[in-house]
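# Per-entry structural report
Letter by letter, the chains look like this.
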Amino acid sequence: MNKLVELLKNTKPFDLLPESILKGVADALTEVRYSKDTLAYRQEVTEMKGVDIIYEGEYETFFFDASENKRSVEIHHTPYCFGGISVLLNRTKALKSVIAKKGTVVYALPRKDFIGLCNAYDEFFQYYTTDFGKRMLDDEFAHFVKKPASFEESYIAAEQLYSRKIEGIIYKDIVSCHADTPIFEAAQHMAKNKVSCLFIKDSRDQIIGYATDITLRDNVIAQRKNPEDPISSVMDNPIVSISNDAYLYEAVLMMFRTKTKYLLVEKDGKYVGFLSRNRLLSEQGQSPLVFIQSVKLAVTVDELREKWNYVPEIINQLLGRGVHSEIVNQVITTIADSIAIKVIEKVIGEMGEPPAKFVFMVTGSEGRKEQTLKTDQDNAIIYEDKANEHREMVRAYFLEFAKRVSDYLNDIGFVYCKGGYMASNPDWTHSLSHWKRNYKKWIEESVPENAIKFSTFFDCRYLYGDRTIIHQLKEFLEEELQKPIERFFAYIAKNALQYEPPLTFFNNIRTQTIGKSEVFDIKNAMTPIVDLVRVYALRKRVYEENTGERLKKLMELGVFSQEQYHELYQSYYYLMGLRLKNQANQIMIEKTSPDNYIQIDKLTKIEKATLKEIFKTIYNFQVGIKMRFTNNILG
């Protein structure tokens, strides 16, 4: 065992891994000996079962050309790892041919364990992407490398689909006119430039809206508008923009959330072009993001239930391709949001327009955009303050509204919250002034129960309605959090310390027995990261909704070093990926309801070793929270 650990320590990129992980890797290795010169791998033919680490002897790697001549020959001795690029890029087919010389001894690491390391350790994964990029600069190497047949067949290509930036695609030039341009002239301008979207500028040349073919149909012809009227009188808005440095998937999700079909691209503070929803979806090909569009076209509750039931299949595809679990979370959340909005619109259609402005907000994991496949309802309603004579009527409407929404969501598959944190609970449907009193009470009356309520509702996010209402609530919260409230922070910190990482005194994973299986609760294992990041976010008044976004902002503010940020970020999303994969398997393979229990005997030794490292990281950060916030209150 010791000789294998030493071998790994000297082999790139295994030298980037912690020693405790290397012990798990060493345990997973199997020895292969070659008693004569052997063609061990044939390019584009041999299926790679994993990667090989040379211990003794020699690998000769090369490409066979059309005449079976050897090209791009390389000789490799210990320490060298062969096969990483083949597994990650080349659909697990050997990228190069290999002759193992007589007397060669290699240690093989199974493919599943290798990909697990790539998922858990970003530097390890990036080593191969960087190495491949350097090799592609060699003309002969590039000549023989075939492009992956499809995104579905390639780990890295699929990852690139979700890491491709907007600046890497061609977006359309902005065609515009001024706000006082007559409608008929604007239409002529669109025809002349052969565009279906015309942007409208004010007197300062700032874009304030847009007009499309549909705008002309619905707002002009259908309304019998005078074509001499200014285009600004019929234009659509608001304007939604995104940085050219953003990712394609972010643009798609933003379009679905904002319901816009056109997205302005911003670079260095200026608009440099725009994207249409159809263009972005075509860029995604057969991506699951296209599925979100089909959700928006569903009409009945039965159709929405069918859509939600298909989500585990999508999640399984994404995880199987190696897509990062943070992105998978966002896909789940966007699908869930789309379904909830369809339900809300359905209920408004049944009950008639609301008697007051309101906002339907989601909280908890939904509020953080971190939904999994085991999800319940976490939501609330805030409505504008009304005069006394209307107060009861307004409240009665929203309580009935919340009940219908909750019942429909439960029917679709978003089960009722056992703790009652739903808008259908009269405690969580109130006026804005009442909600402000709630937050003030939770902060000033620092008791454990209030700390839990505050934490739940701090993770609130707008879903539907009037955004200004939730903005007013957050402005109020900003003022309250600037007051001297050390006792409040101490109780919030105590709440963050109630779950400990499941490690025993002897550094083993602590399990519990359910049925005949030894399991651990991965949700409880992840909760300390969510909670401790929230504590720092509260202290620094960081209002990003997502744990990953909060971590990044806290690093920018100097709360966490770059190393600490990466440790927590990678730990959190490794656990999330394991959690989502387990739930998808439970639904699709085991045909059982998803839960948060991971069977310890189904984990590889490398996965167990990685988990132990993560749990130690979490424990160290919890110690930091205790020292920073609790002082003598908790001992």
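Residues numbered from 1 in each chain as written. Predicted model: local features only at pLDDT ≥ 70, side-chain atom pairs only at ≥ 80, totals over all residues. Heavy atoms only, no water.

## Let's talk about the overall build of the protein
Note the following rule: Helix and strand labels come from DSSP, where a helix needs a run of H or I of at least four residues and a strand needs a run of E of at least two; each type is numbered from the N terminus. Contact criterion: two residues are considered in contact whenever any of their non-hydrogen atoms come within 4.5 Å of each other. Shrake-Rupley sampling with a 1.4 Å probe provides the accessible areas, and residues are treated as covered by the protein chains on show and by no other component. Just so you know, the count uses Lys and Arg for positive and Asp and Glu for negative, and it drops His and the chain ends. Charged groups are reduced to one reference atom each: NZ for lysine, CZ for arginine, CG for aspartic acid, CD for glutamic acid.
Counting its secondary structure elements, the protein contains 24 helices and 21 strands. If one aligns the C-alpha atoms of the protein with their principal axes, the spans along those axes are about 90 × 70 × 45 Å. Of the contacts made within the protein by residues no fewer than 6 positions apart, 72% connect residues no fewer than 24 positions apart. By element, 48% of the accessible surface of the protein is carried by carbon and sulfur atoms, the whole surface being about 29,700 Å². Across the protein, the mean location of the 85 positive side-chain charges is 2 Å away from that of the 87 negative side-chain charges.

## Details of helix α1 (residues 2-9)
Spelled out, the test is: Exposure classes here rest on a 1.4 Å probe applied to the protein chains alone. A residue is buried below 20% of its type maximum, exposed above 50%, and partly exposed in between. Our arc is simply the arc of the directions from the helix axis toward the C-beta atoms.
Among all positions in α1, only L4, V5, L7 and L8 are buried. Angularly, the buried residues of α1 cover 160° about the axis, an arc narrow enough to put them on a single face. Considering only its buried residues, α1 is in contact with α2 (19-28), β3 (50-56) and β8 (105-110).

## Some points on empty space enclosed by the protein
Rule in force here: In this analysis the probe radius is 1.4 Å and the grid spacing 1 Å, with only protein atoms considered; a cavity is a set of points the probe fits into but cannot get out of, a pocket is an open set with protein on both sides within 12 Å along at least five of seven lines, and lining residues have an atom within 4 Å of a point. Grid points are joined across faces, edges and corners, and a volume is the space filled by probe spheres set on the points. By the convention adopted, Pro, Cys, Tyr, Trp, Phe, Met, Ile, Leu, Val and Ala count as nonpolar, Lys, Arg, Asp and Glu as charged, and the other residues, Gly among them, as polar.
Enumeration over the complete set of coordinates arrives at two cavities of 30 Å³ or more. As a volume, the largest cavity reaches approximately 90 Å³. When residues of the lining of the largest cavity are traced back to their parent elements, those giving at least two are α14 (325-351) and β15 (358-362). Of the residues contributing to the lining of the largest cavity, the split by class is seven nonpolar, two polar and three charged. What lines the second largest cavity is F458, D459, C460, K474, L477, V542, Y543, E544, E545 and R550. Its residues assigned to classes, the lining of the second largest cavity comprises five nonpolar, no polar and five charged.

## Points about the layout of surface pockets
Size it by volume and the second largest pocket reaches roughly 1,400 Å³. Forming the boundary of the second largest pocket are 46 residues, of which S365, D376, D378, K523 and R579 lie nearest the centre. For the lining of the second largest pocket, the secondary structure elements donating two or more residues are α13 (301-321), α15 (364-367), α18 (448-458), α21 (522-539) and α23 (562-588). Looking at the lining of the second largest pocket element by element, the count peaks at seven residues for α21. Broken down by class, the residue content of the lining of the second largest pocket amounts to 17 nonpolar, 17 polar and 12 charged.

## Re the side chain of K96
Put simply, the rule is: Definition of a polar contact: a pair of N or O atoms within 3.5 Å, with one able to donate and the other able to accept a hydrogen when the atoms are protein atoms, and with sequence-neighbouring residues admitted only if both atoms are side-chain atoms.
Note on placement: K96 falls in the loop between α3 (84-89) and β7 (97-100). Looking at K96, its side chain comes within polar contact range of the side chain of E74, at 2.8 Å. If we ignore the near neighbours within four places in the chain, the residues touching K96 are Y41, Q43, T61, F62, F63, S72, E74 and F82.

## What about the nonpolar core?
Heads up, the condition is: Remark: nonpolar core denotes a set of buried residues (Ala, Val, Leu, Ile, Met, Phe, Trp, Tyr, Cys) joined through side-chain atoms within 4.5 Å.
Counting residues in each nonpolar core, the largest one holds 170 residues, and the members touching the most others are F14, F401 and F454. Considering each element in turn, this core owes the most residues, 13 residues, to α14. Not counting residues within four places of it along the chain, the set of residues in contact with F401 comprises I344, V347, I348, M351, F358, F360 and I381.

## Things to note about the state of the cysteines
The test is simple: We call a pair of cysteine sulfur atoms a disulfide whenever their separation is within 2.5 Å.
Using the criterion set out here, one finds zero disulfides in the structure. C460 provides the cysteine sulfur closest to C417, a residue in no disulfide bond, and the two sulfurs are 16 Å apart. Given the relative accessible area of 11%, C417 is considered buried.

## Description of the sheet that holds strand β10 (residues 197-201)
Going by this rule: In this analysis, strands are considered paired if DSSP registers two or more bridges between them. Comment: axis = line fitted to C-alpha atoms, over the contacting stretch for helices; angle = value between 0 and 180 degrees taken between N-to-C directions.
Taken together, three strands build an open sheet; the order of strands is β9-β10-β11 and the sheet is mixed. Pairing within the sheet leaves two strands with one partner each, and these edge strands are β9 (176-178) and β11 (207-212). Taken pair by pair, the neighbouring strands of this sheet meet at an average axis angle of 30°, ignoring direction. In this fold helix α8 (residues 183-193) packs onto β9, β10 and β11, with an angle of close to 130° to the strand it touches most, β10.

## Here we look at the environment of Y59
Tracing the chain through its elements places Y59 in strand β4 (residues 59-64). In this structure the C-alpha to C-alpha distance between Y59 and E74, which are 15 residues apart in sequence, comes to 8.3 Å. Looking at Y59, its side chain comes within polar contact range of the side chain of D52, at 2.8 Å.

## Digging into the sheet that holds strand β14 (residues 270-276)
Ordered by their spatial adjacency, three strands build an open sheet running β12-β13-β14, and the pairing between neighbours is mixed. Each end of this open sheet is capped by a strand with a single partner; those strands are β12 (241-243) and β14. The sheet shows a mean angle of 35° between the axes of neighbouring strands, taken without regard to direction.

## Structural notes on α21
Defined as follows: Take the number of residues in a helix, subtract one, and multiply by 1.5 Å to get its expected span.
With 18 residues, α21 extends 27 Å from end C-alpha to end C-alpha; this agrees with the ideal 26 Å at 1.5 Å per step. Counting buried positions along α21 yields 16 of 18 residues, so the element is predominantly enclosed. Once α21 finishes, R541 follows within two positions and takes phi at roughly 50°, a positive value.

## Thoughts on the pattern of salt bridges
The cut-off we apply is this: Salt bridges are identified by distance alone: a Lys or Arg side-chain nitrogen within 4 Å of an Asp or Glu carboxyl oxygen.
Summed over all chains, the structure comprises 39 salt bridges. Taking the shortest distance from any N to any O, the salt bridge between K93 and E47 comes out at 3.4 Å. With a gap of 46 residues between them, K93 in the loop between α3 and β7 and E47 in the loop between β2 (38-41) and β3 connect regions that are remote in the sequence. According to the relative accessible area criterion, E47 is partly exposed, its value standing at 37%. Of the charged contacts in the structure, one is a salt bridge between E444 and K440, with a shortest N-O distance of 3.1 Å.

## So, the packing of helix α10 (residues 248-258) against α14
We apply this condition: Roughly parallel refers to an angle under 35 degrees, roughly antiparallel to one over 145, roughly perpendicular to one between 65 and 115, and oblique to any angle outside these ranges. Take the far helix as your reference; a near helix turned counterclockwise from it by less than a right angle gives a left-handed crossing, and one turned clockwise gives a right-handed crossing.
The contact between α10 and α14 brings their axes to 11 Å, and the two run at 20°. Here α10 is positioned roughly parallel relative to α14, judged by the angle of their axes. Between α10 and α14 lies a crossing of left-handed hand. In this structure, α10 contributes Y249, L253, F256 and R257 to the contact, and α14 contributes I327, Q330 and T334.

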